[in-house]
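Topology and contacts: notes
So the chains spell out like this:
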Amino acid sequence: MDEKALRLLGLARKAGRMDVGEEPAGASCRSQKARLLLLASDAGEHTVRRARSYCRSGKPICISLPFSKEQLGGALGYTACAICAIADPALALAFVQALNEPERYAAALDELTRQTERVTKRRQEEKAHRNNIKHGKK
């Protein structure tokens, strides 16, 4: 459970689909690019309050993780990290599924599944549109 989820976080960071730290994550939430806001289990009270305010402004899903700041930071290539945001809905969904706690994160799973389906449908429509333009159809 822990290893797979943490590897997915590293993958998201390397893909450029993650903002690490309080200010970058907050900016991502305010610009409505963040889909999932992650908090370390031992994040400070002030950080948790700020994360909740970010979620009110941009509407990402906020979850508290079973990982400490050191574990979260280690997966991302830092010494410690209390807050981060994932911008890709498919990666966010895969991460929440890798946590293997469907009862605890049921609402997040439902919302991320819906977002992922919308993105997939939109990409298929764009591909069909480009194909129609290429072949002269309207």
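All of these numbers come straight from a predicted model, not from anything done at the bench. (Residues numbered from 1 in each chain as written. Predicted model: local features only at pLDDT ≥ 70, side-chain atom pairs only at ≥ 80, totals over all residues. Heavy atoms only, no water.)

1. Things to note about the nonpolar core
The biggest cluster of nonpolar side chains holds 30 residues, and the ones touching the most others in it are Leu9, Met18, Leu36, Leu38, Ile63, Ile86 and Phe95. Contributing elements (two or more residues each) for this core: α1 (2-14), β1 (18-20), β2 (36-39), β3 (61-64), α4 (69-76), β4 (83-86), α5 (89-98) and α6 (106-134). When residues of this core are assigned to their parent elements, the largest contribution, 6 residues, is made by α5. Beyond its immediate stretch of four places on either side in the chain, isoleucine 63 contacts Leu36, Leu37, Leu38, Leu39, Val96, Leu99, Tyr105 and Ala108. In terms of nonpolar packing, the next biggest core, distinct from the first, is built from 11 residues, Ala34, Leu39, Cys55 and Cys62 among them. (Core = buried A, V, L, I, M, F, W, Y, C linked by side-chain atoms within 4.5 Å. Buried < 20%, exposed > 50% of the residue type's maximum accessible area, 1.4 Å probe, protein only. Helix = DSSP H or I, 4+ residues; strand = E, 2+ residues; numbered from the N terminus. Contact = heavy atoms within 4.5 Å.)

2. With respect to the environment of leucine 8
For leucine 8, the position within the fold is in helix α1. On a C-alpha basis, the gap between leucine 8 and valine 96 in space is 9.8 Å, while along the polypeptide they are 88 residues apart. Each residue touching leucine 8, except ones within four places of it in the same chain, is listed here: Ala94, Phe95 and Ala98.

3. A short note on the pattern of salt bridges
The final tally for this structure, using the stated rule, is 5 salt bridges. Arginine 50 is paired through a salt bridge with glutamate 23; the nearest N and O atoms lie 3.0 Å apart. Here arginine 50, found in helix α3 (residues 45-58), pairs with glutamate 23, found in helix α2 (residues 22-30); they are 27 residues apart in sequence, far enough to count as distant. On the basis of relative accessibility, which here comes to 27%, the residue arginine 50 falls in the partly exposed class. Note that arginine 114 is salt-bridged to glutamate 111, the shortest N-O span being 2.5 Å. With arginine 114 and glutamate 111 both in helix α6, this residue pair falls 3 residues apart, about one helical turn. Residue classification places arginine 114 among the partly exposed positions, given a relative accessible area of 38%. (Salt bridge = Lys/Arg side-chain N within 4 Å of Asp/Glu carboxyl O.)

4. What to know about unusual backbone geometry
The backbone phi angle of glutamine 32 is positive, close to 65°, even though this residue is not glycine. Note that glutamine 32 resides in the loop between α2 and β2. Relative accessible area serves as the criterion here: at 52%, glutamine 32 is assigned to the exposed category.

5. What about the layout of surface pockets?
Space left empty within the atom packing is revealed by a probe, the size of a water molecule, rolled over the atoms. Roughly 190 Å³ of internal volume is contained in the largest pocket. Along its surface, the largest pocket is lined by 13 residues, and Arg35, Lys59, Glu111, Arg114 and Gln115 are the ones closest to its centre. Top contributing element to the lining of the largest pocket by residue count: α6, with 6 residues. A breakdown of the residues in the lining of the largest pocket according to their chemical character gives 4 nonpolar, 3 polar and 6 charged. (1 Å grid on protein atoms, 1.4 Å probe; cavity = no way out; pocket = protein on both sides within 12 Å on 5 of 7 lines; lining within 4 Å. Points joined across faces, edges and corners; volume = space filled by probe spheres on them. Nonpolar A, V, L, I, M, F, W, Y, C, P; charged D, E, K, R; others polar.)

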